[in-house]
Amino acid sequence: MDEFLISARPDLQQARLDWLASLSSERRLSKLTVEAYERDTRQFFHFMTKHAGGPPGIGDIAALKPMDLRSFLAHRRNDGVGARSLARGLAGVRSLLRHLEKRGLANAAGAAAMRAPRQPKSLPKPLTAIDARKVVSTSGQLAEEPWIAARNAAVLTLLYGCGLRISEALGLAGSELSSPDDKLLRIAGKGGKTRIVPVLPFAFQTVAEYRRLCPWHLGADGPLFRGARGGQLQPAIVQREMQKMRAALNLPDTATPHALRHSFATHLLARGGDLRTIQELLGHASLSTTQIYTDVDTARLLEVYDTAHPRA
């Protein structure tokens, strides 16, 4: 991040840098979340520069009123920003204010009392079981090189077979799943929370086939999944491969790598899995997050009813 682009006085710039560092080191937020908070507060400072008539300092932030924050959200909404992004932007400003409050530099009560924008309820879009099997099969991969096709199949299998996030799968070390005795994965998820995930035999076999074909040494000091030149495989490459598969297999636009994680949870629930177990497997901090999959199941039942029932 380039601090020369930050519209703020030096004291606030330094306080913001300290806060961003603490998000990673103390609160253990993910890299993507820290980057999002960095963008949100940068946008907030630019707004405050126009709103207050000059680059803000700590004193200006300390004097913030709820009306100022509402003006910021209204400004962002007029730019076409959605409710989720607005809520995250407010959360970032609140977090910065709490950081300043702990150091006796501001009062975060006004921001804490503000209600976040109402979130539209959107249900996850899982794949059907048949489509999910097509996506994770080695024969369904479009890469010309056999080892890359096996790699893609192994990554997608871990998303669907273990419910991993793409960052979690690509973050595995080269020593993981190297022995048939490896039946469990210890995954460090969001917020540094660790969970234990069982690995089904078909998932292990898919990774083993990738290991057999991979031309790179997969040691403990390097990543398990490699790019074409041997570096760590990037999420964008997996997403691009999935995009090609959508066209080749005639899948909906909602068929993304993350949709495989949704499919893992939805298919478990449909076959009798209980919410508490699924919560642990997914690494959700709150059961309410997992409960959205009961809505997915109900929505699918209603869709079948509307389509098939003669009186619907």
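Note that the structure is predicted; figures quoted are calculated from it, not measured. (Residues numbered from 1 in each chain as written. Predicted model: local features only at pLDDT ≥ 70, side-chain atom pairs only at ≥ 80, totals over all residues. Heavy atoms only, no water.)

Caption draft 1: Molecular detail of the UniProt feature "domain: Core-binding (CB)" (unreviewed entry) in the protein. Here the UniProt-annotated "domain: Core-binding (CB)" (unreviewed entry) positions come out as residues 10-101. The span residues 10-101 carries 82% helix and 0% strand; its end-to-end C-alpha distance comes to 18 Å. (UniProt positions renumbered as here; feature names shortened; annotations may be inferred. Helix = DSSP H or I, 4+ residues; strand = E, 2+ residues; numbered from the N terminus.)

Caption draft 2: Region of the structure containing the packing of aromatic side chains. Tallied over the entire structure, the rule returns five aromatic pairs. Aromatic pair F44 and F45: ring centres 6.3 Å apart, planes at 50°, arrangement tilted. For F44, a relative accessible area of 1% puts it in the buried group. We classify F45 as buried; its relative accessible area is 0%. Relative to F72, the ring of F47 lies with its centre 5.5 Å away and its plane at 55°, an arrangement referred to as tilted. Within this pair, whereas F47 is found in helix α2 (residues 31-52), its partner F72 is found in helix α4 (residues 66-78), the two being separated by 25 residues in sequence. A relative accessible area of 3% places F72 in the buried class. Clustering of aromatic rings is evident, with ring pairs tying together F44, F45, F47 and F72. Against the face of W147 rests R151, its NZ or CZ located 5.7 Å from the ring centre. (Phe/Tyr/Trp six-rings, centres within 6.5 Å; stacked < 30°, edge-to-face > 60°. Buried < 20%, exposed > 50% of the residue type's maximum accessible area, 1.4 Å probe, protein only. Lys NZ or Arg CZ within 6 Å of the ring centre and 35° of its normal.)

Caption draft 3: Local environment of the packing of helix α7 (residues 129-136) against helix α8 (residues 146-162). Interaxial distance between α7 and α8 falls to 8 Å at its minimum, and their mutual angle equals 145°. Mapping the contact onto sequence places A129, A132, V135 and V136 in α7 and A153, L156, T157 and Y160 in α8. Counted by class, the contact of α7 with α8 contains seven nonpolar, one polar and no charged residues. (Axes fitted to C-alpha atoms, helices over the stretch in contact; angles between N-to-C directions. Contact = heavy atoms within 4.5 Å. Nonpolar A, V, L, I, M, F, W, Y, C, P; charged D, E, K, R; others polar.)

Caption draft 4: Spatial organisation of the environment of E35. By secondary structure assignment, the location of E35 is in helix α2. Residue E35 is classed as partly exposed on the basis of its relative accessible area of 33%. The spacing of E35 and L20 is 15 residues in sequence and 8.9 Å in space, taken between C-alpha atoms.

Caption draft 5: Highlighting the domain arrangement of the protein. Split by domain assignment, the protein resolves into domain 1 (10-113) and domain 2 (129-308). Of note, the centres of domain 1 and domain 2, computed from C-alpha atoms alone, are 35 Å apart. (Domains from an automatic or database assignment.)

Caption draft 6: Highlighting helix α12 (residues 257-270). For α12, built from 14 residues, the straight-helix expectation of 20 Å at 1.5 Å per residue is met to within 8% by its first-to-last C-alpha distance of 20 Å. Counting buried residues in α12 gives 11 out of 14 residues, a clear majority hidden from the surface. For α12, the complete set of buried residues consists of P257, A259, L260, R261, H262, S263, F264, A265, T266, H267 and L269. (Expected span 1.5 Å × (residues − 1).)

Caption draft 7: Highlighting the pairing of strand β2 (residues 194-198). The alternating pattern of β2 places R195 and V197 on a buried face, while none of T194, I196 and P198, on the opposite face, is buried. As judged from the five bridges shared by strand β1 (residues 184-188) and β2, these two strands associate in the antiparallel manner. Bridge pairing links A188 to T194 in β2. Counting the residues that bridge the hairpin from β1 to β2 gives five residues, and of these G191 lies at a positive phi of roughly 70°. (Pairing = 2+ DSSP bridges.)

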